[in-house]
Amino acid sequence: MRSGKVGILERTKLFALRIIRLYSSLPKTTEAQVIGKQLLRAGTSTGAHVHEGNRSRSDAEMVSKTEGALQELQETIYWLELLGDAEIVKAERLVDLLKEADELTAILVTSVKTLKARRDK
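Reference entry: report on the structure contained in this document. (Residues numbered from 1 in each chain as written. Predicted model: local features only at pLDDT ≥ 70, side-chain atom pairs only at ≥ 80, totals over all residues. Heavy atoms only, no water.)

## Re the overall build of the protein
Counting its secondary structure elements, the protein contains four helices and zero strands. Counting helices and strands in the order they occur from the N terminus, the protein gives α-α-α-α. Over its C-alpha atoms, taken along the principal directions, the protein stretches across nearly 50 × 30 × 20 Å. In the protein, which comprises 121 residues, the proportion classed as buried is 38%. Taking the contacts inside the protein whose residues are at least 6 apart along the sequence as the reference set, 73% of them involve residues at least 24 apart. On the protein, roughly 7400 Å² of surface is accessible, and the fraction owed to carbon and sulfur atoms is 53%. Within the protein, one finds 20 positive and 17 negative side-chain charges whose respective centroids are separated by 7 Å. (Helix = DSSP H or I, 4+ residues; strand = E, 2+ residues; numbered from the N terminus. Buried < 20%, exposed > 50% of the residue type's maximum accessible area, 1.4 Å probe, protein only. Contact = heavy atoms within 4.5 Å. Areas by Shrake-Rupley, 256 points an atom, 1.4 Å probe, with all protein chains shown as cover. Lys, Arg positive; Asp, Glu negative; His and termini not counted. Charge placed at Lys NZ, Arg CZ, Asp CG, Glu CD.)

Spelled out as structure tokens, the structure:
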């Protein structure tokens, strides 16, 4: 990874890769795999929405894509918490992923607010 500040595109991609690695390490039980597939879909979709938003033709389109990424992040957080609460994965193993999801959420919420303020001027 490059030194210095990591942008949102890179962070969401790295987040998706961490989600993929977590999914790959889950037990092969039915409940772990069902929750894991939901987590995999939501956790990797976040970055896809952000990347799509980066190519937006308008602020309105970028707001829509960013809000989609926020929805996927909230779902990702839910599935991560469920994995921990169900004791499928040790909760301490999920702490860093949950922290990153919270940080990404804060960044994207700020981005949406900025875009909406710019649009409404």
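Right, picking up where we left off after that structure.
## A word on the pattern of salt bridges
Inspection of every chain in the model, using the stated rule, returns nine salt bridges. K65 is the partner of E52 in a salt bridge, and the nearest nitrogen-oxygen pair spans 3.0 Å. Of this pair, E52 sits in helix 2 (residues 30-54) while K65 sits in helix 3 (residues 59-85); the two residues are 13 residues apart in sequence, bridging distant segments of the chain. Note that R57 and E61 form a salt bridge whose closest N and O atoms lie 3.7 Å from each other. (Salt bridge = Lys/Arg side-chain N within 4 Å of Asp/Glu carboxyl O.)

## Some details on a negative patch on the surface
On the surface, a cluster of negative charge is contributed by E81, D85, E87 and D102. Among the secondary structure elements, E87 is positioned in the loop between helix 3 and helix 4 (91-119). A relative accessible area of 71% means that E87 is categorised as exposed. (Patch = residues over 30% accessible without salt bridge, like charges linked within 9 Å, V, L, I, M, F, W, Y side chains within 5 Å.)

## A few points about the side chain of T66
With respect to the element layout, T66 can be found in helix 3. The buried category is assigned to T66, whose relative accessible area is 6%. Among residues more than four places away in sequence, those in contact with T66 are L108 and V112.

## Notes on the nonpolar core
In summary, soluble globular proteins display a tendency toward joint burial of nonpolar side chains. One finds L22, L80 and L83 to be the most contacted residues of the largest nonpolar core, which totals 27 residues. Secondary structure elements with two or more residues in this core: helix 1 (8-25), helix 2, helix 3 and helix 4. Discounting residues that sit within four places of it in the chain, L83 has contacts with L22, L26, I35, L39, I88, V89 and L94. (Core = buried A, V, L, I, M, F, W, Y, C linked by side-chain atoms within 4.5 Å.)

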